[in-house]
Structure formats: structure tokens, C-alpha cells
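One letter stands for each residue in the lines below.
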Amino acid sequence: MFSRSCLNLNMLNFEDLPAISNHSKNRIPRVITAPGIISDFEADSDAAQEDATVPSVVTLERRIVVANQLPVKGFKNADEGKWCFELDQDALVLQLKDGFPPNTEVFYVGSLKGVEISDPKEQEEVSRLLLARFRCVPAFLSPEIQNKFYHGFCKHYLWPLFHYKLPMSPIDQGTGYDPTHWQAYVSANKIFADKITEIINPDDDFIWVHDYHLMILPTILRRRFHRIKLGFFLHSPFPSSEIYRTIPVRELILKGLLNSDLIGFHTFDYARHFLSCCSRMLGLDYRSKRGYIGLEYYGRTVSVKILPVGIHMGQLEYVMSLPETSSKVSELMQQFEGKIVMVGVDDMDVLKGISFKFLAIGQLLDENPDLRGKVVLIQITNAPRSWGRDVQEIQAETHRIADEINRKYAIPGYEPIVFINGPVSTLDKVAYYAIADCCVVNAVRDGMNLVPYKYTVCRQGSPVLDKTLRIDDESAMAKSSVIIVSEFIGCSPSLSGAIRVNPWNINSVAEAMTMATRMPEVEKQMRHEKHYKYISSHDVSYWARSFDQDLKRACADHHVKRCWGLGFGLEFRVVALGPDFRKLSVDHIASAYRKAKSRLILLDYDGTVMPQAAVEKAPSNEVISILNGLCDDPKNVVSIVSGRGRDSLSKWFLPCEKLGISAEHGYYTRWTKNSVWETSMVTVDFEWKKIVKPIMEHYMEATDGSYIEQKETALVWRHQAADPDFAACQAKELLDHLGNVLANEPAVVKRGQHLVEVKPQGVSKGIVVENLIARMRGNGNAPDFLLCIGDDRSDEDMFESIARSVSNRLLPATAEVFACTVGQKPSMAKYYLDDTNDVINLLEGLAKASGC
């Protein structure tokens, strides 16, 4: 257990609980073979964490689906006093099993909705029952933790904030950040992790975690099982970085998500906001390759998937085929005969825009007298998921507005708004959908919202419903529907035939309603056909299958990587490296260094021996001393190979008499302080500078925080101080712009870390390496020890040149070569160091070895 003195206060209730060591790879957890719920594993050696060679013993593929609530309904038998449970067929986590491969075992982990069991013996009995009957593993939360975790942190803080509702003060209707609620959130996620640990086969099972209730669960699981195969799907919006950055524990939540292998979002906007937060807060850049988006995070590629969820077609089709449904439809047809019916189904919630919808129907009737007595809005409201003052206020407001409009426009036998307070059964909802001419979803901010999908499928109908709706065989092929949808909900981009509205604009919503009532039947049919084709082919099984396949792809290289953990508590992350990519240490290199007779040491400057973020760019006295120590060894040739200008480098390294310097990517080179500067080519045409400079100046003026660095042979546009998202877009645009205008010029455009540079053709750091090796070979002392360290894309040219020299046998057969990149990232180098401090420590160790 880590010492409490090492922990941040944000991590309370996490490290106080015992960490469970990783388990031997060929053991099935005891919960499968022993009765009862077992809270811990037998002790295993820590060495098992790194042993990935022994396969687990399993017969079927397994998935563990984790959500806040289990897909079961529970009630206590009054006569016998025993708990009874049944599957909740409406639960999304239950429906997604249709997308998994055949014969897949699916386990569910979550809490019990509306069921409070505090007696440990009763909890154990219920756990056995649920595991045996439904493969469900319940996570029992105490009433205090449940209240603070779910009603406090999740529903009253995270949920409004993720829907762009910021608390204006710490006590704003109970929606402000409360550290005790965060501690309960951590404790609840820890309890969920314990339950997963009881049933997991860590090398074989795939874990799928759902929604914002469990965003730090991946960190807790990754800490226990470094190679766990874990996907996370967020069902709510992910807010813009301006909103998200207000969360006091923002980095811990981001890092929690990044401990997943695959992160899913409903829309590109949500994914874009997440990637922006990763860039702004953690300095992570994403890359897109062959249609996949990935974030490099400590050697692991975290995939990001954009995939709107679908509905369960079979369930709706079954309900539509029931005689009870036909009876309900027949009843509603009689009740609303001759009316134009609009339907809305929403939770009673402050963000669902119900009051805006009512105001719009009022304006519709006010502006269109001919529609009075004809248009009916049936509004079904589900019970609120959490009670608070804001919910009570919005409930009172919607009822008040509905009553006002009904008093104004009602006539005997007609009310324009039929307000139905739930719960309403699925069967009844299907009947309302089937008779409705139009569906209105007017949320001011929402996640996916599948109401329009369900409405479309119900309007498609079934043979039984067609008879009830009096649809003959000829018109059965031409179904119709109209959807009015808010542009601020997740399903809006998928419904290309819907009428999109801004819910805040009452006029716009009223106009959309008018358009829907007067739309030609042929147009309704075309819109419906487009929607039904998409919805029926992108159902919940398609969604689950696609996510599952991408999760397998994201985890495909787990077994070949070497993994170890870093960090305490919720700062924990796993470093994952390929088998040939190792951290370079003094101990590893010292032996080869001492044995060598001729050594070549090549060092980049910025980001290698000087931190990128340093304000003062001149080397410290420590760096000068270390470099002089290396240069004083007669066996060593030491050179700084940098993109910086020769004037700056000459000034900074004035005390280093024997140090070689290659400036401006090797265009200028001098072998020692007293030697003259040599150029890499005789004549160079710099006329292209006259083209490049005005273009760069334009981008500099347009991008606040950027500037131009003018070198003798190159021009550099630097943007490390600019807004990261905007600067990245500008850099890409500048790269393309310069690439086009310089197509016939003797210059190349390259993008580096926070920069775009234009330099002469034929100049690269790789040529510096070739020249230095050739010079040493010409002097009869070809290097049998070569160390090259760099951090940027331009340094990859050096690593590539070194690899060519080895393959072309330009180095002695016994030569020891150490190409090393700074930072764990894809590179042609076979070694890495974490940062500039590691570089300095390594060079200091070599300098001491020279003095031995």
C-alpha cells in the first residue's frame, strides 16, 4: 500500500483501501467455482504482473459489461419476505449482447435500482441468486455513498455540467463541487472495481464500462491489471474545454478515461471536445490513421470511436405485434380522430425543453387559427431520475404553461396539450408513436436520445398494426413520419431528413411545427424512408458489434508490449513499450562506453539537453561542465546537432573548446571552437525567402502568441505560446499553403513540435551524421560506440542515417549503437529517455566514466 503522505487529497477513499495484486494468468477467479461472493483473491506474487506467456484457461469468449445499474428489476415478495428479480428488457446494457459473437458469456456488474439491502447475509444471498440466474454481480453501496455518489456528484454536479449548465456559486441549488461527493464517487468506483475483480479473467475478458458514473474506474482496474482489455462509452455529451476545465478534478477524470483502450462517443462534437481537453490540459495530440483516431499515452495508443447508439428493433417489433398494442392503438385513434397528433416523450428535466415546446405549440395556434381544434401535442413525461429544487421548479413551470395554453384554446372535447405524467409502459408509448403524425424532441442539450428512432420504427408499423390503422396493402409500402429535432442532441446528425431547430428560438420551433402539419404526404414518405433505412441498419446490435470489434483491434498488441505502472492513486498510468523499445540507463550503456576505442556522441539541443518550456534557452553551468567532461576524453567526438542558428549556439557554447556544432540542421558545421564554419553545399538560392516571409507574417498576425524566427538559411513559424487547437489548425494550413507555393523552389517545408520550418533542399541532420562518420573513418578511427539523442521529427533523420550506416557496414562489426529519443513515442530509435533530466543524468554518468 502506498503511503498516505504521497497522496493528493483528491484521492481519499481510494488508496486507503487495499490494492489487489495482479493474479497468475492461468487461474479462473474463485467466484466461479466457490459459493458466495468473494471479495479478494488469494495472494499472488507481484512478478505475475509481467508474465504474459501463460494463457488463461477459458472455454468461451467473455464480456463484462459495467454500468451504474444492473439490467434487472427487483421487488420483495410480501408473503415470503424474499427478493425476486427479473430482467429489464428495456435496459440498453442487456440489449447490446446481441452484437457480441455467438456463444459469448456476458456478465453484468452494477448496482440494483430502487433496491436497498444493508444486511451482509442478505447481500450474499442476493449476489448468489443474481449470478446464478442472470450472470449479474451487484455492487452494494451504502445509503450515504449512494446519495453522495449518484444524487450528489453524478446527477447534481457532473450531469448538469456535461450538459453545459454551470453552477454560478458553490451552493447554487446544490450543483456546486463538493469534495465529500467526489470522495463518494471514488469510493463507489472502487466498489465497482472490487466486484469486477471477483469475476475477471484479466488476460481474456473484455470489459465495457458505460457512462459518466464510472469515469475513474479504468484507472482503478488498470492499476490492478496492467494489460486489461477495457473500453469505455460515454452516453452523455462531453462539454467544450471551457466548460470542462471548471471541474476541480478535471485531470483525474481525463486520466481515468485515458486508462481505457477505446473511448466511445455518440458524435464527433463530443469526441472533438474530449480531444481538445486532452491537448489543452495534458499536452496530448491525436492522430488519425486509416479512419481511426488515436492518442499516444505513455506508449499506449488510446483509440477514440465515434458511434451513435441504436435501438433494439426486435423488441419494438415484438411489442407492435401484440394484440394489446392493437387495442391501445384503436382506442387512441378513436380518441384523437380527425386530429393532427404530435408526440413528445421526455424525462421531467430542466434540459428537455418541454416548456419551450409548449410555448411553440401556443404560438402555432395563435398564428394559425385554422389549426385550432385540430393540432394536439401529446407530451409524455417519465419520472425524474433525481429530485431537486430545479426539477420541482421546471415541473411547476411546464404544468403552468400547459394549463394556460389549454385554457386559452380548449373547446369541448379538445385540449391542445395532453400532458401525461409517467410512468408509461413501453406498449402504451408504442401506441402513441404509431398514431402520431409528428415527433417533437426539443431538448436544449441532451445525449443521444432515441425517441425519434423508436417513433420512426413504430410509424413503419407491422402487419397487425397496419390493419388497426386501416392501412391497405398498396399504401403499406409508403409509410410516413415527420421528426422535429433539436440541433443540440446526439441523434440530430444521424437524422438527415429531420427538421432541425434551435429550441431556444420559439419562432423557429413554431415554424417547424407549422411546416410539419402542412407538409405534402410524398415528402413525409421520403423523409420517413430515409430515416427508417438508417435506423434499421444501425440498431443496437450493430452498435455493440462495431464497438466490440474495435475494442479487440485496440487491444491486439497487449501481449507483445512490456508494461509497468507509474504514479500514485488516480494519477496512475501504465507505461507500455514494444519489446525492442527500452529505456536507456547508465548501467546499460556504461560497459560498452568503457570498452570502446572511438566514440561519437550526437546531441540535439531543444527538448534534449534544454527543456522545451524553458524561458532561458542558454545551457546551464552544469550542462557546460558535463559536455566539457565528455569532450576532454580523447576517445570522444561530441557534437551538438540543432536547428538553431550558429550565432546563438556559438555564444552559448563558448566555454566548450572541443565541442562540435552543427547549426540550422547541419547547413553550418564546425568541428571545434577554433575551426571555421563549413557549409553543406557550395551555392544555395535563397530567393524563396521572399515568398515565404510574407506568408508567415500573415499567419503570425492571425495567430495570437505565434512568432517568426529568422535564421540565415531558414524561416521558422513557432506557435508554442498560441491557443493549441487554433495553432494546430493554422500550422496544418500553413504547411499546405507553403507546400503549394514552393512546389518549384529549392526548399522544403517541415512541421516540427510547435513549429513550421522552411529550409533549403538537401539539408538535414541525417547528412550531418553521414559526414561525421565519414570524417572519422577517413581519420582511421571509425566509431565503435555511437550515442545519438534527440526529441523532434528532425532527429528521426539522424536515427534513419545511423540505421543505414549499420546496414551498409560503415561502422565496425563490433560497434555498439544507441539511438535514443526523448519521450515515449513512435520512433526509429530503439531506446528512450523520459525527459531532459534523464538526458543530463545519463551524460553525467558517461562523463564520470570517462574520468575513471
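The paragraphs below set out a description of the structure included in this document. (Residues numbered from 1 in each chain as written. Predicted model: local features only at pLDDT ≥ 70, side-chain atom pairs only at ≥ 80, totals over all residues. Heavy atoms only, no water.)

**Describing the environment of L359**
Step number 1: Here L359 lies in helix α11 (residues 354-367).
Step number 2: For L359, a relative accessible area of 38% gives the class partly exposed.
Step number 3: Sequence separation of L359 and I401 is 42 residues, and the distance between their C-alpha atoms is 7.3 Å.
Step number 4: When near neighbours in sequence (up to four residues on either side) are disregarded, L359 contacts I401, I405 and I506. (Helix = DSSP H or I, 4+ residues; strand = E, 2+ residues; numbered from the N terminus. Buried < 20%, exposed > 50% of the residue type's maximum accessible area, 1.4 Å probe, protein only. Contact = heavy atoms within 4.5 Å.)

**Describing the sheet that holds strand β27 (residues 715-718)**
In a beta sheet, neighbouring strands are held together by backbone hydrogen bonds and run either parallel or antiparallel to one another.
Step number 1: Strand order across the open sheet formed by four strands is β26-β27-β29-β28, with antiparallel pairing between neighbours. A single partner strand is all that each edge strand has here, and the edge strands are β26 (707-710) and β28 (747-752). Sheet twist, expressed as the mean angle between neighbouring strand axes with direction ignored, is 20°.
Step number 2: Of the pairings in the sheet, the one linking β28 to strand β29 (residues 755-760) comprises six bridges and is antiparallel in character. Residue pairing across strands places K750 opposite E757, the latter belonging to β29. (Pairing = 2+ DSSP bridges. Axes fitted to C-alpha atoms, helices over the stretch in contact; angles between N-to-C directions.)

**Looking at the nonpolar core**
Step number 1: Membership of the largest hydrophobic core comes to 181 residues, with the highest contact counts inside it found for V66, L112, W182, M215, F238 and F274.
Step number 2: Apart from the residues within four sequence positions on either side, V66 is in contact with V109, F192, I196, I207, W208, V209, H210, L214 and L217.
Step number 3: Core analysis: the second largest hydrophobic core is formed by 43 residues, I640, F653, A663 and I840 among them. (Core = buried A, V, L, I, M, F, W, Y, C linked by side-chain atoms within 4.5 Å.)

**Observations concerning the side chain of S236**
Step number 1: Mapping S236 onto the fold places it in the loop between β7 (229-233) and α6 (241-244).
Step number 2: A relative accessible area of 4% places S236 in the buried class.
Step number 3: Apart from the residues within four sequence positions on either side, S236 is in contact with F162, H163, D211, Y212, Y270 and G447.

**A look at the pattern of salt bridges**
Step number 1: Per the counting criterion, the structure on display carries 43 salt bridges.
Step number 2: The salt bridge partner of R224 is D194, with a shortest N-O separation of 2.7 Å. Of this pair, R224 sits in helix α5 (residues 217-224) while D194 sits in helix α4 (residues 179-199), placing them 30 residues apart in sequence. Taken as a pair, R224 and D194 share a single burial class, namely buried.
Step number 3: Each of E61, R63, D548 and K552 takes part in salt bridges that share partners, so that together they form one network. (Salt bridge = Lys/Arg side-chain N within 4 Å of Asp/Glu carboxyl O.)

**Describing the sheet that holds strand β11 (residues 300-306)**
Step number 1: Taking strand neighbours across the sheet as the criterion, the nine strands line up as β5-β4-β1-β6-β7-β8-β11-β10-β9 in an open arrangement whose pairing is mixed. What marks the edges here is a single partner per strand, and that holds for β5 (136-138) and β9 (286-289). Sheet twist, expressed as the mean angle between neighbouring strand axes with direction ignored, is 25°.
Step number 2: When strand β1 (residues 62-69) meets strand β6 (residues 206-210), the two strands line up parallel, connected through four bridges. When the sheet's bridge partners are listed, V65 is paired in β6 with W208.
Step number 3: Each of β1, β6, β7 and β11 is contacted by α5, which is oriented at about 180° to β7, the strand it contacts most.
Step number 4: On the sheet, helix α18 (residues 540-554) packs against β1, β6, β7, β8 (262-265), β10 (292-297) and β11 and is oriented at approximately 125° with respect to β6.

Distances and angles like these do not, on their own, reveal function.
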